[in-house]
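Report on the structure
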Amino acid sequence: MGQFGKSHLLWDEKRVIEAEVHLSLHNFLRSQAGFPSWPHHLTMARLVARALRLGRSALIQVGAVCGYQGRYRTSFVASALMWHGPVIIVATETVQQRLLLVEIPRLQQWLPANKPIRSGEAWPNPEFQGLLLTSPEAWLKGQFATQNPFPPNIPTIIDGVDDLEDWVRHQLTEDIQPHDWEQLMLACPYETEVIREAKVKLTHELFQHPENPYECYLISQPETEILQRLFLALDQTCLPDAWKHFWEQFHSLDENLSSPPLFWATIDRRQGLFSLHYAPIELGKILSPIWQRQPVVLVGSALESETEAPLFRQRLGLEDVTCLKFSSDSQGEAIQLYVPYKLPLPNTPEFQAAFIHKVRTLVCLSATAPGLTVVLVGDVPLKSRVGAILASEFGSRVQVEKTCLDENGILVTGWEYWRQHQTVLPAPRLLMIATLPLPSLENPLVAGRVAHYKRSHQDWFRLYLLPTALNELQRAIAPVRENQGIVALLDSRVVNRSYGAQILASLSPLARLNYLDPSLFSQSNEQDPD
């Protein structure tokens with residue numbers, strides 16, 4: 001066969017990949033009795049197959065409930081297995097295990113594909129034409145490395161991109177740990193006393209900061225001056241790598257940059273130790289070259305209300321991508337939402353007592369109904385207080401951030417713990433939320449990012465705080481939708497602030513509740529969703 005004939009045959013094979021994936025996955029789904037239903041399996045599989053064929057990047061929002069349950073993964077795994085060339089799937093270790101032990105073996109029995117499967121932190125070899133599973137940490141580390149262990153032009157599917165911004169910022173954060181001071185003194189023996197004096201002065205300044213729940217603080221002007229004097233006194237050619245990188249970034253603070261790095265310190269008051277950190281604020285320009293190296297399919301749950309996800313794409317430097325957002329099942333995923341009108345605002349002294357009273361009332365009303373109750377409290381001192389008060393009344397049913405719970409247990413938890421463990425806990429019948437998960441300006445890292453938006457004359461609330469809260473809120477309530485349970489959102493800003501309508505819209509489908517009654521917690525649900 002001539003060269004033109006081979007090229008035409010290969011083009012024809014690629015051209016029908018969408019149809020082949022559609023037919024094979026359709027037959028697979030029909031064969032699986034009791035397989036979790038999701039109406040968009042075939043659509044998503046075709047889109048992923050099309051992205052692989054055209055080499056065009058795509059951004060897919062599968063919805064908060066489907067994202068929590070992970071049912072959508074069958075679709076992109078089917079396309080990756082049937083695609084004729086190599087593919088990378090980037091997923092957390094937990095998801096990788098699910099794919100390797102359940103999804104891939106189940107699909108391999110039905111799909112006309114015999115692709116080799118590997119997992120690891122680097123591409124196996126230049127001849128490998130199979131499917132590689134790798135972690136976000138390994139993949140991102142490779143993209144930022146001088147020698148990238150992942151070759152260019154290999155189609156890459158990134159799962160769970162709701163957390164992508166955090167993954168990237170964590171990967172790009174550099175630290176000066178307590179032991180690095182010893183390394184600095186060893187590298188610069190003639191400046192030992194200067195180094196020791198600077199460390200003592202920094203310790204004194206940092207421990208003057210008032211305590212906060214985050215135990216971290218933006219680097220202040222006096223601390224900046226101590227570090228600047230230290231670096232000027234040192235021989236720059238002798239610095240260990242950690243200090244050299246820190247100095248390069250720290251020096252950029254003095255330059256008129258549109259986006260200087262964020263510098264902060266964390267302290268351990270008990271041991272009298274501190275660490276220094278820096279990370280970029282803006283990620284778009286840093287990530288933009290990465291998306292040019294290979295086509296990527298990014299899969300998230302509820303990134304934004306808009307299909308095009310403009311804010312998410314801008315923050316992460318995503319330009320020319322095909323965007324798709326799947327709608328929710330309005331009947332099967334409706335929650336019952338209770339939002340009281342007359343609770344004090346969260347920033348008032350009266351809020352804590354009113355909130356605790358409302359929590360006790362809800363727990364008592366639901367006492368006879370089986371199932372898990374979750375109390376979500378972002379404020380660390382309030383979380384401890386609520387846990388202690390409920391435990392004094394309801395005993396061992398109450399646990400603070402524990403996964404070993406009674407059948408009708410009461411879990412008091414913060415947002416991060418709930419997000420990390422909700423998949424291993426039963427779906428709550430009642431979820432109580434103290435306040436909206438707006439990033440707290442008391443957190444110095446949040447304050448630093450807000451200051452950057454202010455310097456750029458941008459709307460920091462609608463570009464940063466509100467989108468972050470909406471994403472967190474939708475993911476938090478996703479398990480409650482499984483049994484059409486009750487969500488009590490006890491933050492009156494939802495009804496008293498202009499952005500409340502946007503929050504309610506993001507929680508749809510829902511049925512509003514205007515009263516509290518024990519009958520609400522019965523197994524039957526007679527409410528019609530909005």
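Residues numbered from 1 in each chain as written. Predicted model: local features only at pLDDT ≥ 70, side-chain atom pairs only at ≥ 80, totals over all residues. Heavy atoms only, no water.

Focus on the overall build of the chain
Secondary structure summary: the chain contains 21 helices and 18 strands in total. Radius of gyration (C-alpha) of the chain: 26 Å, near the 24 Å computed for a compact globule of 530 residues. The 530 residues of the chain split such that 51% are buried. Pairs at least 24 apart in sequence give 73% of the contacts found in the chain among residues at least 6 apart. Treating the 46 positive side-chain charges of the chain as one cloud and the 56 negative ones as another, the clouds have centres 5 Å apart. (Helix = DSSP H or I, 4+ residues; strand = E, 2+ residues; numbered from the N terminus. Rg over C-alpha atoms; globule rule 2.2 N^0.38 Å. Buried < 20%, exposed > 50% of the residue type's maximum accessible area, 1.4 Å probe, protein only. Contact = heavy atoms within 4.5 Å. Lys, Arg positive; Asp, Glu negative; His and termini not counted. Charge placed at Lys NZ, Arg CZ, Asp CG, Glu CD.)

A short note on the packing of helix H7 (residues 136-144) against helix H13 (residues 284-291)
At their nearest, the axes of H7 and H13 sit 10 Å apart, and the two run at 95° to each other. As summarised for this structure, H7 and H13 are arranged roughly perpendicular, according to the angle between their axes. For the pair H7 and H13, the contacting residues are Trp139, Gln143 and Phe144 in the first and Ile286, Leu287, Ile290 and Trp291 in the second. In terms of residue class, the contact of H7 with H13 is built from 6 nonpolar, 1 polar and no charged. (Axes fitted to C-alpha atoms, helices over the stretch in contact; angles between N-to-C directions. Parallel < 35°, antiparallel > 145°, perpendicular 65-115°, else oblique. Nonpolar A, V, L, I, M, F, W, Y, C, P; charged D, E, K, R; others polar.)

Here we look at the UniProt feature "domain: ATP-dependent helicase C-terminal" (unreviewed entry) in the chain
Those residues carrying the UniProt feature "domain: ATP-dependent helicase C-terminal" (unreviewed entry) are residues 429-509 in this numbering. Span residues 429-509 is 56% helix and 10% strand, its end C-alpha atoms 17 Å apart. (UniProt positions renumbered as here; feature names shortened; annotations may be inferred.)

Comments concerning the sheet that holds strand E9 (residues 273-279)
Taken in spatial order, the 4 strands of this open sheet run E6-E9-E8-E7, and their pairing is antiparallel. Taken across any chain shown, the strands that pair with only one partner, and hence form the sheet edges, are strand E6 (174-176) and strand E7 (216-218). Strand-to-strand twist of the sheet, defined as the mean angle between neighbouring strand axes without regard to direction, takes the value 25°. (Pairing = 2+ DSSP bridges.)

With respect to the nonpolar core
Of all hydrophobic cores here, the largest spans 39 residues; its most connected members are Met44, Val62, Phe76, Ile89 and Ile157. Elements represented by at least two residues in this core include exactly helix H2 (17-31), helix H3 (41-54), strand E1 (58-61), helix H5 (73-82), strand E2 (87-90), helix H6 (93-108), strand E4 (131-134) and strand E10 (296-300). Ranked by residues supplied to this core, first place goes to H3 with 8 residues. Not counting residues within four places of it along the chain, the set of residues in contact with Phe76 comprises Met44, Val48, Ile89, Ile157, Asp159 and Val299. (Core = buried A, V, L, I, M, F, W, Y, C linked by side-chain atoms within 4.5 Å.)

Quick look at the sheet that holds E10
Pairing within the open sheet is parallel, and its 7 strands lie in the order E3-E4-E2-E5-E10-E1-E11. Strands with a single pairing partner mark the edges of an open sheet, and in this sheet they are strand E3 (117-119) and strand E11 (322-325). Within this sheet the neighbouring strands show an average axis-to-axis angle of 15°, counted without direction. Taken together, the 4 bridges between E1 and E10 define a ladder with parallel strand orientation. For Gln61, the partnering residue across the bridge sits in E10 and is Gly300.

Brief notes about the environment of Val296
By the secondary structure assignment, Val296 is in strand E10. Between the alpha carbons of Val296 and Arg429 there is a distance of 38 Å; along the sequence they are 133 residues apart. Dropping the residues within four chain positions of it, Val296 is found in contact with Ser57, Ala58, Thr156 and Trp291.

Considering the pairing of strand E16 (residues 430-433)
Burial along E16 is two-sided: Leu430 and Met432 and Leu431 and Ile433, pointing in opposite directions, are all buried. In this sheet, E16 lies alongside strand E13 (residues 373-376) in parallel orientation, the contact comprising 4 bridges. Bridge pairing links Leu376 to Ile433 in E16. Bridging between E16 and strand E17 (residues 486-489) involves 4 bridges; their strand directions are parallel. Its bridge partner being in E17, Leu430 is matched across the sheet by Ile486.

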